[in-house]
Amino acid sequence: MASKTRIFDQPQPLVERMIMNVEKVIVGKRETIEKAFIAMLSGGHLLLEDVPGVGKTMLARALAKTIGCEFKRIQCTPDLLPSDVTGVSVFNVKSNEFEFRPGPLMTSVVLADECNRTSPKTQSAFLEAMEEKRVTIDGISYELPKPFVVIATQNPMDYEGTYALPEAQMDRFMMKLSLGYPTHDQEILMLDRLQDRHPLESLKPVIVQDEFVQLQKEAAMIHVDNTLKDFIVRLALATRDHADFYIGASPRASYALMRAAQTSAYVKGRTFVVPDDIKDLVLPVWTHRLILTSDARMMGRSADLILQGLLDGMQTPVLRYVTAK
């Protein structure tokens, strides 16, 4: 059940202001922005996959500015080392001791720009941080700030000089989103806004860091009926048993979908999850975790379409009762 100690009794106006703030920079992508905030409020990480130049980096910067958090960018290149990401211990001659110099990963909002252009060894440096919210250097663990969000951008795999992200890392991203090209009118509006100066320069925070953490805590308190948990698990089992999937949805994927559904309900002002919360988010939360068999890839099948077919073929659960707000 929802907690009686909630601070934000009506989170919808606040979340709406956050979305509108980002829309000052990113034109015509409201649905993507809303899903990005759902992922972040769920304590998850974001993977933005799209062609260059559509605003992936600007979206990450705008999200960080809106929630009032420190932001750092890591430009991923083939020669980037793990210590360039996590930090390194340096010997101080004056004190005769090793001192830890934190890397850019130890920041509230981290942008890993073009993450699939760096080596698998460096990509693996993100794994502990993304799952356990800490990094371990020379046997010493360092806790990461709250909130901690990794926003990674990725070019499509048919571009030269890219490495496929390991399955373990893909499973740690709560959602994979795509911005896509703007429409004719949206692109004209974008040019109008950029004519004098970039709107990101004047963007102000809507919320402070501690308030965002409180929103995360309250979203996690939203009630999920057992019938909906059963629905999520049955859908996950269906992906694991499907002949076209070499790897189906993991237990981490089931948990991520439940958390995203809780946050979706929370930002809509409900104290309980409904089936539509799950159905609306299953594709962005699960598709990037599903690995097709070689035969399915050769036949040109799509994980999105297969997953949508499984979802359409399952009976939508009916809640036995509705929790009163």
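Scroll up to find the structure this text is about.
Residue numbers here run from 1 along each chain, matching the order of that chain's written sequence. With the structure being a predicted model, the display of local features is reserved for residues of pLDDT at least 70 and the display and counting of side-chain atom pairs for 80 or more, all residues being used for whole-chain, interface and lining totals. For the side-chain quantities, the full set of heavy atoms in the structure was used; hydrogens and water were omitted.

(A) Expanded view of the packing of aromatic side chains. What counts as a ring pair is set by centres within 6.5 Å for rings of Phe, Tyr and Trp (its six-membered ring), and what kind of pair is set by the plane angle: stacked under 30 degrees, edge-to-face over 60, tilted for all other angles. Under the defined criterion, the tally for this structure stands at 1 aromatic pair. Between F100 and Y142, the aromatic rings sit 4.1 Å apart at their centres with planes inclined by 15°, giving stacked as the arrangement. Placement of the pair is F100 in strand 4 (residues 97–102) and Y142 in strand 7 (residues 140–143), with a sequence separation of 42 residues. The rule for a charge over a ring is simple: NZ of Lys or CZ of Arg within 6 Å of the ring centre, and within 35 degrees of the ring normal. Against the face of F272 rests R270, its NZ or CZ located 6.0 Å from the ring centre. Under the scheme used here, helices are H or I runs from DSSP no shorter than 4 residues and strands are E runs no shorter than 2 residues, and both carry numbers assigned from the N terminus.

(B) Local environment of the nonpolar core. Membership of the largest hydrophobic core comes to 75 residues, with the highest contact counts inside it found for L46, L63, I67, I151, M175 and W286. Not counting the four nearest positions on each side in its chain, L63 is found in contact with V22, A36, F37, M40, L46 and I151. By nonpolar core is meant a set of buried Ala, Val, Leu, Ile, Met, Phe, Trp, Tyr and Cys residues that side-chain atoms within 4.5 Å join together. For each residue, the accessible area found with a 1.4 Å probe, counting protein chains only, is set against the maximum for its type, and the residue is called buried under 20%, exposed over 50%, and partly exposed in between. Among the nonpolar cores identified, the runner-up in size contains 23 residues, and L47, V110, V135 and A152 belong to it. Working rule for contacts: check all heavy atoms of both residues, and any pair within 4.5 Å makes them a contact.

(C) Spatial organisation of the sheet that holds strand 2 (residues 71–75). Here, any two strands with at least 2 DSSP bridges between them count as paired. Reading across from one edge, 2-5-8-1-9 is the order of the 5 strands in this open sheet, with parallel pairing throughout. Each edge of the open sheet is held by one strand with a lone partner, namely strand 2 and strand 9 (175–177). For this sheet, the mean angle separating the axes of adjacent strands, direction not counted, is 20°. Sheet topology note: the strand 2/strand 5 (residues 109–113) ladder contains 5 bridges and is parallel. In the strand pairing of strand 5, K72 is matched with V110. Axis geometry follows a simple rule: fit a line to the C-alpha atoms, using only the stretch in contact for helices, then measure angles between N-to-C directions, giving values from 0 to 180 degrees.

(D) Up close: a nonpolar patch on the surface. Residues F91, V93 and F98 make up a contiguous nonpolar surface patch of roughly 360 Å² in combined accessible area. You can see V93 is positioned in the loop between strand 3 (87–92) and strand 4. Patches draw on residues past 30% relative accessible area with no salt bridge. Two like charges within 9 Å are joined, as are two nonpolar side chains (Val, Leu, Ile, Met, Phe, Trp, Tyr) within 5 Å. Shrake-Rupley sampling with a 1.4 Å probe provides the accessible areas, and residues are treated as covered by the protein chains on show and by no other component. Whenever Lys or Arg places a side-chain nitrogen within 4 Å of a carboxyl oxygen from Asp or Glu, that contact is recorded as a salt bridge.

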